[in-house]
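Examination of the molecular architecture
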Amino acid sequence: MNTLIESVQTQGILSPLIVRPIENTEEYEVISGHRRLHAAVKAGITEVPALIYALDRDSAAIAVVDSNLHREHILPSEKAFAYKLKMEALSHQGKRTDLTSTQPVAKLRTGDIVGETLNESRETVRRFIRLTHLIPELLDLMDEGKIALMVGEALSYLGDKEQYAVLEQCEVNDCTPSYAQAVEMKKRYQDGQLSADMIGEILSREKANQKETIKIPSVRLEGKIPSGYTVQQKEDFIVKAVDHYNKYRARQRDRDSR
């Protein structure tokens, strides 16, 4: 999202949003381009280019969504809002929209119809639609590949206040929730027991597969690493420096033992 915000600040929005006029109002509903609009708001831009489709909302929504879903690269947030929009459109056309029951039924559910576009199951469609309940910042982490789909789904059941508390702890602990942690927070929230302190306690636990990490304040590295290095180059430089130091210590020990 930060990359998109910087692009919007320097180049503006290159691909217009697609909107439709809301009946009996002077407002418009975004059909395609939620992420671009969010980036524009973050960049402080008050006007964005948009194509207006003065059509029946449901027919226009289905056509635009199907077109967007066939793009080569589509982000989780884009897929989430696209699936939700198509689901609502099909619902208005009289299709079945029961995505909560896990019992098999003979009639094809709307989730199955929506998932046909990308050959995804009704359950996967349901999970993506749940992502529309996430705060924008957590959606950004999903788009960046830092949060898995099932983790995002579990977090989507938390209230906004609790989600922001999760985000804060992710930044403080430099981590993202595991599936087990997300499910635990969801259960405690539904039981009315999830507090900010409890979120901090859950996210501060060491994960089963978590490896030890070492954090070095950048101020301690000033003047020691060439400027302009990327994070990966800095890591490589430090590892090579440690290897060199260990070889130096080994030579020192050899000399001392003679």
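The coordinates are above.
Right, let's walk through the structure included here. Note that this is a predicted model, so its numbers are computed, not measured. (Residues numbered from 1 in each chain as written. Predicted model: local features only at pLDDT ≥ 70, side-chain atom pairs only at ≥ 80, totals over all residues. Heavy atoms only, no water.)

Here the structure, examined in full by the defined rule, presents two aromatic pairs. A ring pair is formed by Tyr83 and Phe128, whose centres lie 5.9 Å apart and whose planes are at 75 degrees; its orientation type is edge-to-face. Here Phe128 lies in helix H6 (residues 122–130) and Tyr83 lies in helix H4 (residues 76–92), a separation of 45 residues in the sequence. In this structure Tyr83 comes out as buried when scored by relative accessible area, which is 0%. Their ring planes at 35 degrees and their centres at 6.5 Å tell us that Tyr245 and Tyr248 sit as a pair that is tilted. Placement of both Tyr245 and Tyr248 in helix H12 (residues 231–257) is noted, with a separation of three residues, approximately one turn of the helix. By relative accessible area, Tyr245 is classed as partly exposed at 44%. Of note, Lys186 hangs over the ring of Tyr157, and the distance from its end group to the ring centre comes to 4.0 Å. (Phe/Tyr/Trp six-rings, centres within 6.5 Å; stacked < 30°, edge-to-face > 60°. Helix = DSSP H or I, 4+ residues; strand = E, 2+ residues; numbered from the N terminus. Buried < 20%, exposed > 50% of the residue type's maximum accessible area, 1.4 Å probe, protein only. Lys NZ or Arg CZ within 6 Å of the ring centre and 35° of its normal.)

Considering all chains together, one arrives at 11 salt bridges under this definition. The shortest N-O distance in the salt bridge between Asp143 and Arg35 comes to 3.0 Å. Taken together, the residues Asp143 in helix H7 (residues 136–143) and Arg35 in helix H2 (residues 34–42) connect sequence positions 108 residues apart. The partner of Arg126 in a salt bridge is Glu123, with the nearest N and O atoms 2.5 Å apart. Residue Arg126 and its partner Glu123 are both found in helix H6; the two are separated by three residues, about one turn of the helix. Beyond isolated ion pairs, a larger network of salt bridges with shared partners links Glu123, Arg126, Arg127 and Glu153. (Salt bridge = Lys/Arg side-chain N within 4 Å of Asp/Glu carboxyl O.)

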